[in-house]
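Geometric and topological summary
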Amino acid sequence: MQTKRKAPELPMVYWSADGWEAELLYQATRINEQGHSVTTYHNRLTVVFILDVFGNYPIGYAIGDQENTGLITAAMRNAFKHTQELFGSMHTVLQLQTDNFSRKALTPIYEAASLKYTPARVKNSKSKRVEPYNKYFNKTYCQMYARNWSGFGITTDKKKQPNTEYLNKVRHNFPTRDECIAQLEQYIAMDRKAKIENYYSKWDALPSADKHVLSQHDYLYHFGETTGYANSLSGPGVIATIEKVKYAFDSFDINFRQHRDKDWALKFDPTDLSTVLAVNCTRDAKDKIKEIIGTLRFELQNKYIQPMDLYDRKEGDSTEL
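All of the points below concern the structure found in this document.

Quick look at the overall build of the protein
Along the protein, the regular secondary structure elements total eight helices and 14 strands. Dimensions of the protein, computed from the C-alpha atoms along their principal axes, are close to 70 × 60 × 45 Å. Residue pairs in contact within the protein that sit at least 24 positions apart in sequence constitute 60% of those at least 6 positions apart. For the protein, the computed accessible surface area is about 18700 Å², with 50% contributed by carbon and sulfur atoms.

Here we look at the pairing of strand β10 (residues 237-242)
Bridge count for strand β9 (residues 233-234) against β10 is two bridges, and the pairing is antiparallel. Among the inter-strand pairings, Ser 234 is bridged to a residue of β10, identified as Gly 237. Here β9 folds back onto β10 in antiparallel fashion, the turn holding two residues. Inspection of the sheet shows β10 paired to strand β11 (residues 245-250) by five bridges, in the antiparallel sense. Paired with Ala 240 across the two strands is Tyr 247, which belongs to β11. The antiparallel pairing of β10 with β11 creates a hairpin that spans two residues between the two strands, and Glu 243 there sits at a positive phi of about 50 degrees.

Some details on the sheet that holds strand β14 (residues 289-302)
Strand order in the open sheet formed by six strands is β9-β10-β11-β14-β13-β12, with antiparallel pairing between adjacent strands. Where the open sheet ends on each side, the last strands, each with one partner, are β9 and β12 (263-269). Across the sheet, helix α6 (residues 216-223) is in contact with β12, β13 (272-283) and β14; its angle to β13 comes to roughly 60 degrees.

What about the packing of helix α1 (residues 69-87) against helix α5 (residues 177-201)?
When two helices pack together, their arrangement is given by the angle between the helix axes and the distance between those axes. Taken N-terminus to C-terminus, the directions of α1 and α5 make an angle of 60 degrees; their axes are 12 Å apart at the nearest point. In this view, α1 runs oblique relative to α5, as classed from their interaxial angle. As α1 runs across α5, the sense of the crossing is right-handed. Of the residues in α5, those in contact with Asn 78, His 82, Leu 86 and Phe 87 of α1 are Arg 192, Ile 196, Tyr 199 and Tyr 200. For the contact of α1 with α5, the residue count by class is five nonpolar, two polar and one charged.

Some points on the packing of aromatic side chains
Here the structure, examined in full by the defined rule, presents 25 aromatic pairs. Centroid distance Phe 54 to Tyr 199: 6.1 Å. Interplanar angle 40 degrees. Geometry classified as tilted. One end of the pair, Phe 54, is in the loop between β4 (46-52) and β5 (57-64); the other, Tyr 199, is in helix α5, and 145 residues separate them in sequence. Assessed through its relative accessible area of 1%, Tyr 199 is described here as buried. Aromatic rings pair up to connect Trp 20, Phe 49, Tyr 133, Tyr 136, Phe 137, Tyr 141, Tyr 145 and Tyr 187 into one cluster. Its guanidinium or amino end placed over the ring of Trp 203, Lys 211 lies 4.3 Å from that ring's centre, counting from NZ or CZ.

With respect to the side chain of Asn 134
Take Asn 134: it is sitting in helix α3 (residues 130-145). A relative accessible area of 6% means that Asn 134 is categorised as buried. Once residues within four sequence positions are removed from consideration, Asn 134 is found in contact with Gly 19, Trp 20 and Phe 49.

Considering the nonpolar core
Within the largest apolar cluster, 36 residues are counted, with the highest numbers of intra-cluster contacts made by Trp 15, Ile 50, Phe 80 and Phe 223. Sort the elements by how many residues they give to this core and α1 lands first, with eight residues. Residues within four places of Phe 80 in sequence aside, it is in contact with Trp 15, Met 90, His 91, Thr 92, Ala 113, Leu 214, Tyr 219 and Phe 223. Counting 23 residues, the second-largest nonpolar core is a separate cluster that includes Leu 24, Tyr 26, Leu 45 and Leu 184.

Remarks on the pairing of β4
The buried fraction of β4 is high, at seven of seven residues. Burial along β4 is two-sided: the residues Thr 46, Val 48, Ile 50 and Asp 52 and Val 47, Phe 49 and Leu 51 are all buried. Of the strand pairs in this sheet, strand β1 (residues 14-21) and β4 are connected by seven bridges, and their pairing is antiparallel. The partner of Glu 21 across the bridge, within β4, is Thr 46. Looking at chain direction, β4 and β5 are connected through seven bridges and run antiparallel. Opposite Thr 46, over in β5, you have Gly 64 as the bridge partner. Two successive antiparallel strands, β4 and β5, enclose a turn made up of four residues, where Gly 55 displays a positive phi of approximately 70 degrees.

Cut-off values and rules
Residues numbered from 1 in each chain as written. Predicted model: local features only at pLDDT ≥ 70, side-chain atom pairs only at ≥ 80, totals over all residues. Heavy atoms only, no water. Helix = DSSP H or I, 4+ residues; strand = E, 2+ residues; numbered from the N terminus. Contact = heavy atoms within 4.5 Å. Areas by Shrake-Rupley, 256 points an atom, 1.4 Å probe, with all protein chains shown as cover. Pairing = 2+ DSSP bridges. Axes fitted to C-alpha atoms, helices over the stretch in contact; angles between N-to-C directions. Parallel < 35°, antiparallel > 145°, perpendicular 65-115°, else oblique. Left-handed = near helix turned anticlockwise from the far one by under 90°. Nonpolar A, V, L, I, M, F, W, Y, C, P; charged D, E, K, R; others polar. Phe/Tyr/Trp six-rings, centres within 6.5 Å; stacked < 30°, edge-to-face > 60°. Buried < 20%, exposed > 50% of the residue type's maximum accessible area, 1.4 Å probe, protein only. Lys NZ or Arg CZ within 6 Å of the ring centre and 35° of its normal. Core = buried A, V, L, I, M, F, W, Y, C linked by side-chain atoms within 4.5 Å.

Take a look at the structure:
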């Protein structure tokens, strides 16, 4: 006999996370081994949803080529940033449920994201509340609005699938990868908009003792990315190249200057480089991070770049100086 369960009555109580291969096709052009340009039309993206089971609200998401630890971490970052948009500061959830994908590597992240981490049992898909949401999202938005909708999966009744001849006829009008990402983001925004009023209205009903703020410091330490390389402190600060752009990060904390001999790993949010977290580490012979120690941590600011000459001064430069 199966257990009958009810959904939570308040937000930020129970999140469920899982990856889903979106049922939207996009076209991509690549150069094959013979040097010829080849366009394919069967490509699909993966969405990692972080679902607040109260109201089935998509509190966080990330879109990429395949489910991996990086994409899951990005979805977590998106969830926390969205809680900041909703409630004024980032909050962790009381309980988080996931499947067992890369569980060993991701458990520290899941435990930092929640007061209680409860992974689903292996092969027990019914316990994951995010899976029915994937089906709902596919039917409500992808099937309804997208000409590049690919169906409900290969095991579904063929009568419920899109016409393959029609798809083949319109495939040259399929979106590109970036356009398909924008398509999915639009549908997620639509779903949030439809549910936001009910979701936010119940926030005040959650007792203050059950609201757990996530500091910027802990957010960057647990969920931030690194460049993979160790950095040193110099006169202009810590100079690092992120996504082929050079940045200078520094702090007014005098204690940071007292550790000039240390190597630093910078943990950052790729969508917001205004603040990074410098964590002491060791480096190998190629200047790559060998081990993150973490006994020393300093929040650094992205330094404001001042023009040398008065002619290039713009509004706000003097205030920053």
